[in-house]
Amino acid sequence: MLGFFHIKRGDESMINSSLDAHGPQRQGGWLLPVSVRWITLLAVLIGLAATAALTFTLEHIFSEERARQDLARDLARTTRVLTLTMQGQLWDYARDEAEATVKALVADDPRVVSVTVFDAAAQRPFVEYAGAEEPEPASVLGQSGEIEANGEIIGRVSVRMTSAPYLAEARATVQRSMLTTAAMLLLGGVLIMGFLQRRLLRPMAALTGAARTLSEGNFKLEIHPLRDDEVGRVAVALENMRVALLRAFDELHAKNDELTAHAALLEQRVAERTEALSRANVELLGAMEALKSTQSGLIEAEKLASLGRLVAGVAHELNTPLGNALTVVTTLDDLLTGLEGRVAGNTLRRSDLQAHVEAAREGQDILVRNVTRAADLVRGFKQLAIDQTTDMRRRFSLVEVINEILITVRPSFNHSPFRIETELMDASMDSFPGPFGQVLTNLVLNALAHAFAGREEGCVTISTSVLDGERVCLVCRDDGVGMAPEVLQRIFEPFFTTRFGQGGSGLGLHIARNIVVGLLGGTIEVRSAPGQGAEFRVTIPRVAPLRVAA
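Residues numbered from 1 in each chain as written. Predicted model: local features only at pLDDT ≥ 70, side-chain atom pairs only at ≥ 80, totals over all residues. Heavy atoms only, no water.

1. Side note on the nonpolar core
Thought 1: Grouped together as the largest cluster of nonpolar side chains are 47 residues, with contacts concentrated most on I402, F436, V444, I462, F536 and I540.
Thought 2: With residues near it in sequence (within four places) discarded, F436 still touches L398, V401, I402, L474, L520 and I540.
Thought 3: By size, the runner-up hydrophobic cluster in this structure holds 23 residues, among which are M86, L90, F126 and Y166. (Core = buried A, V, L, I, M, F, W, Y, C linked by side-chain atoms within 4.5 Å. Buried < 20%, exposed > 50% of the residue type's maximum accessible area, 1.4 Å probe, protein only. Contact = heavy atoms within 4.5 Å.)

2. Overview of the pattern of salt bridges
Thought 1: Summed over all chains, the structure comprises 11 salt bridges.
Thought 2: Between R279 and E275 there is a salt bridge; the shortest N-O distance is 3.3 Å. Placement of both R279 and E275 in helix α5 (residues 230–344) is noted, with a separation of four residues, approximately one turn of the helix.
Thought 3: Judged by its relative accessible area of 49%, E275 falls in the partly exposed class.
Thought 4: In this structure, R471 engages D468 in a salt bridge whose closest nitrogen and oxygen atoms are separated by 3.3 Å.
Thought 5: You can call D468 partly exposed: its relative accessible area is 46%.
Thought 6: Look at the salt bridges and you will find they share partners, linking R477, R527, E535 and R537 into a network. (Salt bridge = Lys/Arg side-chain N within 4 Å of Asp/Glu carboxyl O. Helix = DSSP H or I, 4+ residues; strand = E, 2+ residues; numbered from the N terminus.)

3. Quick look at the packing of aromatic side chains
Thought 1: Counted according to the given criterion, the structure contains two aromatic pairs.
Thought 2: Aromatic pair Y93 and F126: ring centres 5.1 Å apart, planes at 55°, arrangement tilted. Taken together, the residues span a long stretch of sequence, with Y93 in the loop between α2 (34–92) and α3 (95–106) and F126 in strand β3 (residues 124–130) at a distance of 33 residues.
Thought 3: On the basis of an interplanar angle of 20° and a centroid distance of 4.5 Å, the ring pair of F418 and F452 is categorised as stacked. With F418 in strand β8 (residues 418–423) and F452 in the loop between α8 (433–450) and β10 (458–466), this pair connects stretches of sequence that are 34 residues apart.
Thought 4: Relative accessible area serves as the criterion here: at 4%, F452 is assigned to the buried category. (Phe/Tyr/Trp six-rings, centres within 6.5 Å; stacked < 30°, edge-to-face > 60°.)

4. Describing the sheet that holds strand β11 (residues 471–478)
Thought 1: Reading across from one edge, β8-β10-β11-β13-β12 is the order of the five strands in this open sheet, with mixed pairing throughout. Each end of this open sheet is capped by a strand with a single partner; those strands are β8 and β12 (523–528). Strand after strand, the sheet turns through a mean of 15° between neighbouring axes, direction not considered.
Thought 2: Bridge analysis of β11 against strand β13 (residues 534–541) gives eight bridges, and the strand direction is antiparallel. For D478, the partnering residue across the bridge sits in β13 and is A534.
Thought 3: Lying on the sheet, helix α7 (residues 398–414) is in contact with β8, β10 and β11; it crosses β8 at an angle near 175°. (Pairing = 2+ DSSP bridges. Axes fitted to C-alpha atoms, helices over the stretch in contact; angles between N-to-C directions.)

By themselves, these are just geometric observations and shouldn't be taken as functional.
Here it is, written out as structure tokens:
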């Protein structure tokens, strides 16, 4: 049992063994509070020493001040005495008697440094006296007094005295006080440390040992305070903590067992879920493969539909020149039949032959123009077909490709009240005309399919512009019904369409965006609001980026 509390169910050897595990100990637990002991002792000694030093300093200052005051008073008195004494002797000019008098007055006084009696009539010293040694100038004070006789000044007395004896006595007094104070400090420190060791440090050492025992996981030792003071209250707090920790560990063990059971159950459920997820993953992979296959099929169908529109456009555009050519050929055939009849009946006249030649020449010109037009259309449609079925890169004219694409799209507008207008600025391109044409086709047909629902007229405007010499901007704008915000947010998602089951695949704009962003290296933006139409803005570089081989 130590200090203010004791530990049951064990003795101090258990605590000391715990302390020994952390470092060397002294008897009675002296090492644990070493820092506390010495800090406390040092604080007490510093406080006492600071007080003593302040006292000694003030005493020294005051002693020097008193020494100077006493010296000034004695100097004034000595000066007055010599002034009165030297009056008759200086008047009688008794030098020997004056010297004897001065020595009798100051020879035994160690404070006197020098005495000088000055003869005013002779303008020279009358009597001079000097001490055994010259003191420090800082400790010397001097004073002069005039010697008067019969109402006139006959001389002057000058006395110099030192405060060294006063200061030596003051220093001796201070040294004695310092020795006495040091002895008192030493005795006080010993008494204070003895009191602290008995009343505070040893109980703290035992308390620290108990705390260390708790920190090592030994919660079986009970801690009981013996006194109701600060250390005792710390012991109560430690006991409460021990009980709380013991209860917490019991609860923790119970929770641990419960968590173990839950962990086993969770592992079983995780295994079951993992197996289910594996099956679902296999099914999902199959669905994704089917989806990719379906998407590929839809893309091919989209290409076939483009070819179908191309064939329809070819037929529509070739119909006029070929029809004109057929009409000319038929007319020339009729003229040739009439000419043969006149030749057979020998009724051909020169004027008839001349008219026939002129008509044949005019028909030939018409026929050449229409056949040439048909040949140009076939050549352009051939290039367009190659572009739309392949991703071949080449140089081309932007306006020329757009016009060729619109030729294949216009037949879809022929039997509707809607029209296409263009505002085109030409630019030389080094890109992929086929995918570019597919983007334009999808945008125009998307406008035709969705923009004019419930409208009796409408217009799709195609415009191009060169932005900064390196990029071109294609704008497809309609004045249709516009799109709601929720539709606008999902406009480029695959398989998203507002006409599901009515011919819409939901891939047109998705494919267009992938081509613009991926192959053409550009951006596509859309702006729309209900009742305000829609505007698709495609910005691509004039020179497409190089494709990386897969």
